[in-house]
Amino acid sequence: MEQTYFRRGFGLKGVIEGALAADYHSRLVDLIRGRGYALVAGDLTFKLAGEFGFCYGVDRAVEYAYETRTKFPAQRIFLVGEIIHNPHVNAKLRDMGVECLHHPDGAEFDFGVVTPGDVVILPAFGVTVQDLERLRAIGCVLVDTTCGSVLNVWKRVESYARDGFTALIHGKFYHEETKATASQVTKYPAGRYLVVRDMEDAQVVCGYVEGRSRSEELVERFAGKQSPGFDPERDLVRVGVANQTTMLSGESLAIAGEVRKSMVARYGQAALPEHFRTFDTICSATQDRQDAVLKLIAQPLDLMVVIGGYNSSNTAHLAAICEQRVPTFHIEDAACVDPEAGTIRFRPVGTKAEAWRDGWLPGGPLAIGVTAGASTPNNKIGETIQRIGAMRGVSLEAALEQFR
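Criteria and cut-off values
Residues numbered from 1 in each chain as written. Predicted model: local features only at pLDDT ≥ 70, side-chain atom pairs only at ≥ 80, totals over all residues. Heavy atoms only, no water. Buried < 20%, exposed > 50% of the residue type's maximum accessible area, 1.4 Å probe, protein only. Helix = DSSP H or I, 4+ residues; strand = E, 2+ residues; numbered from the N terminus. Pairing = 2+ DSSP bridges. Phe/Tyr/Trp six-rings, centres within 6.5 Å; stacked < 30°, edge-to-face > 60°. Lys NZ or Arg CZ within 6 Å of the ring centre and 35° of its normal. Disulfide = S-S within 2.5 Å. Expected span 1.5 Å × (residues − 1). Contact = heavy atoms within 4.5 Å. Axes fitted to C-alpha atoms, helices over the stretch in contact; angles between N-to-C directions. Core = buried A, V, L, I, M, F, W, Y, C linked by side-chain atoms within 4.5 Å. Polar contact = N/O pair within 3.5 Å; in protein donor to acceptor, adjacent residues only side chain to side chain. 1 Å grid on protein atoms, 1.4 Å probe; cavity = no way out; pocket = protein on both sides within 12 Å on 5 of 7 lines; lining within 4 Å. Points joined across faces, edges and corners; volume = space filled by probe spheres on them. Salt bridge = Lys/Arg side-chain N within 4 Å of Asp/Glu carboxyl O.

Caption draft 1: Looking closely at the pairing of strand E8 (residues 166–170). Among the 5 residues of E8, 5 are classified as buried, and the element is accordingly described as predominantly covered. Pairing of E8 with strand E10 (residues 239–243) involves 5 bridges; the strand directions are parallel. Pairing of Leu-168 across the sheet is with Val-241, part of E10. For E8 and strand E9 (residues 193–196), the ladder comprises 4 bridges, and the chain directions are parallel. Following the sheet pairing, Leu-168 is matched in E9 by Leu-194.

Caption draft 2: Structural context of the environment of Asn-152. Looking at the secondary structure, you find Asn-152 in helix H6 (residues 148–162). Relative accessible area serves as the criterion here: at 46%, Asn-152 is assigned to the partly exposed category.

Caption draft 3: A look at the packing of aromatic side chains. Evaluated as defined, the whole model comprises 10 aromatic pairs. Taken together, a centroid distance of 5.7 Å and an interplanar angle of 85° make the contact between Phe-10 and Phe-72 edge-to-face. Within this pair, whereas Phe-10 is found in the loop between strand E1 (5–6) and helix H1 (13–24), its partner Phe-72 is found in the loop between helix H3 (56–71) and strand E4 (77–80), the two being separated by 62 residues in sequence. Side by side, Phe-10 and Phe-72 carry an identical accessibility label, which is buried. Through a chain of ring-to-ring contacts, three or more aromatic side chains come together here, namely Phe-6, Phe-10, Tyr-64 and Phe-72. For the cation-ring pair, Arg-136 lies above Tyr-5, with the distance from its terminal atom to the ring centre recorded as 5.0 Å. Its guanidinium or amino end placed over the ring of Phe-165, Arg-277 lies 4.3 Å from that ring's centre, counting from NZ or CZ.

Caption draft 4: Molecular detail of the state of the cysteines. Summed over the entire model, instances satisfying the criterion amount to 0 disulfides. Here Cys-283 stays free of any disulfide, with the sulfur of Cys-55 as its closest cysteine sulfur at 6.1 Å. Judged by its relative accessible area of 10%, Cys-283 falls in the buried class. The thiol sulfur of Cys-336 is not disulfide-bonded, and the nearest other cysteine sulfur, from Cys-322, lies at 16 Å.

Caption draft 5: Molecular detail of H3. Compared with the 22 Å implied by 1.5 Å per residue over 16 residues, the 22 Å span of H3 between its first and last C-alpha is a close match. By the criterion of burial, H3 is predominantly enclosed, with 12 of the 16 residues buried. Of the positions making up H3, those classed as buried are Gly-57, Val-58, Arg-60, Ala-61, Val-62, Glu-63, Tyr-64, Ala-65, Tyr-66, Glu-67, Thr-68 and Arg-69. Here the buried face of H3 lies against E1, H1, E4, helix H4 (87–95), strand E6 (119–122) and strand E7 (141–144).

Caption draft 6: The sheet that holds strand E13 (residues 328–331), seen in detail. The 5 strands lie next to each other as E2-E3-E17-E12-E13, forming an open sheet whose pairing is mixed. Single-partner strands in this sheet number two, and they are strand E2 (38–41) and E13. Taking the axes of each pair of neighbouring strands and ignoring which way they run, one obtains an average angle of 20° across the sheet. Looking at chain direction, E2 and strand E3 (residues 44–48) are connected through 4 bridges and run antiparallel.

Caption draft 7: Spotlight on the pairing of E13. Residues Thr-328 and His-330 point to one face of E13 and Phe-329 and Ile-331 to the other, with burial holding for every one of them. The pairing of strand E12 (residues 303–307) with E13 spans 4 bridges and is parallel. Residue pairing in the sheet places Val-305 in a bridge with Phe-329 of E13.

Caption draft 8: Local environment of the sheet that holds strand E16 (residues 355–358). The 3 strands lie next to each other as E14-E15-E16, forming an open sheet whose pairing is antiparallel. Bordering the open sheet on either side are strand E14 (337–338) and E16, each of which pairs with just one other strand. Where strand E15 (residues 343–346) meets E16, 4 bridges bridge the pair, whose relative direction is antiparallel. Within E16, the residue paired with Phe-346 across the bridge is Ala-355.

Caption draft 9: Spatial organisation of the nonpolar core. Of all hydrophobic cores here, the largest spans 32 residues; its most connected members are Trp-360, Ile-368, Ile-381 and Ile-388. Not counting residues up to four positions away in its chain, the partners in contact with Ile-368 are Leu-44, Thr-45, Phe-46, Lys-47, Leu-301, Leu-303, Val-305, Leu-361 and Ile-388. Ranked by size, the runner-up nonpolar core spans 31 residues in total, among them Ala-65, Tyr-66, Ala-124 and Ala-374.

Caption draft 10: Highlighting helix H7 (residues 176–183). Most of H7 sits out of view: 6 of its 8 residues are buried. Buried positions along H7 lie against helix H5 (129–138), H6, E8, E9 and E10.

Caption draft 11: Region of the structure containing unusual backbone geometry. Even without being a glycine, Tyr-37 presents a positive backbone phi close to 65°. The exposure class of Tyr-37 is partly exposed, given its relative accessible area of 28%.

Caption draft 12: Inspection of the side chain of His-170 at higher detail. Looking at the secondary structure, you find His-170 in strand E8. Within the structure, His-170 has its side chain in polar contact with the side chain of Ser-252 (distance 2.6 Å). Non-local contacts of His-170, meaning those with residues more than four positions away in its chain, are made with Val-196, Arg-197, Asp-198, Ala-242, Asn-243, Gln-244, Met-247, Leu-248, Glu-251, Ser-252 and Ile-255.

Caption draft 13: The layout of surface pockets, seen in detail. Its boundaries defined by the atoms lining it, the second largest pocket holds a volume of some 450 Å³. Lining the second largest pocket are 27 residues, with Cys-55, Gly-57, Val-58, Cys-147 and Cys-283 positioned closest to its centre. For the lining of the second largest pocket, the elements supplying multiple residues, two or more each, are H3, H6, helix H12 (284–297) and helix H13 (313–323). Examining the composition of the lining of the second largest pocket, we find that 4 residues originate from one element, H3, more than from any other.

Caption draft 14: Looking closely at the pattern of salt bridges. If you walk through the whole model with that rule in mind, you get 21 salt bridges. We note a salt bridge from Asp-235 to Arg-234, for which the minimum N-O separation is 2.7 Å. Through salt bridges with shared partners, a single network forms among Glu-108, Asp-131 and Arg-134.

These figures capture arrangement, not role.
Right under this line is the structure:
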């Protein structure tokens, strides 16, 4: 039988290396990394976080997508949603003839255009159990780039469902990864899930467990964020905590701690194993980038620039961490910095709309921190630094020439 499901690559990395370097490499970033993650240019000092940009899972997903285009040059190739949350990378794939399949808010993906002769790439976030079944039924070739860290979370929530524990997932209910994770419990007839966005949501759950609120209030609050037919009286007796891999680690651990305390208050310490389980499923790359940016902002900085897609959860969390210590600008792309106009286009932390600002780069010597989300390629980081330098009339070409 012809193989129609691929997860381990096609052995074409050597063939696509040149294209990947041309599309995403940055000599400037290599230079700064090689100089201890700092570069002085005129009166500007750029300081890079010790960990930034593409993580292993993103690298793998992008490489696999490029390999797929090479492996199937004559076939139509579709991508379920976005490969990762970076507009530059997704645009590159579209330029290569990869067509993105989208869905209206709240609706399922439209696979009506996909035929058995087509190739469909599954993104790094994964897809829901239901969408995978629909695609398998079509009979098309499936190329699965789901991140290994996401697969580890899936195994965890599957074990919860198998053992009769409701998966309490710390995440954004609308995020592709969280949707895919929640769907894993549907493999079991009694599988249940509930998605909490933050500590405020978690406290509502804790209030119910401790008998301080009614089930109707909880069901109403979490409408659309719970498994069908969710019944708090039945489904919050045994709870297992997991999380979207890109959430803030400290918040996930704190939520697990609060739920644990509520379970102890309700059932007693001795009975806790029968009612509560937890496992930290923040991916190591997310944790490394959060730790690195905490170390960076502990230094004297005048401002911080965080680069990555506005819909990138891990990038938004990096910006939120930085904002607590230093003026922070979360930009989606290098083009957000306009040297000629002297402006920056950014999304203020905690908002959903872009803002523009003049005079955002103060006069005099400046120390500028720079980091990027796990889905941001190095060339966009390098271009951003070059554009910031250009705003002060500082060219980085001389530094690059020395690096040749």
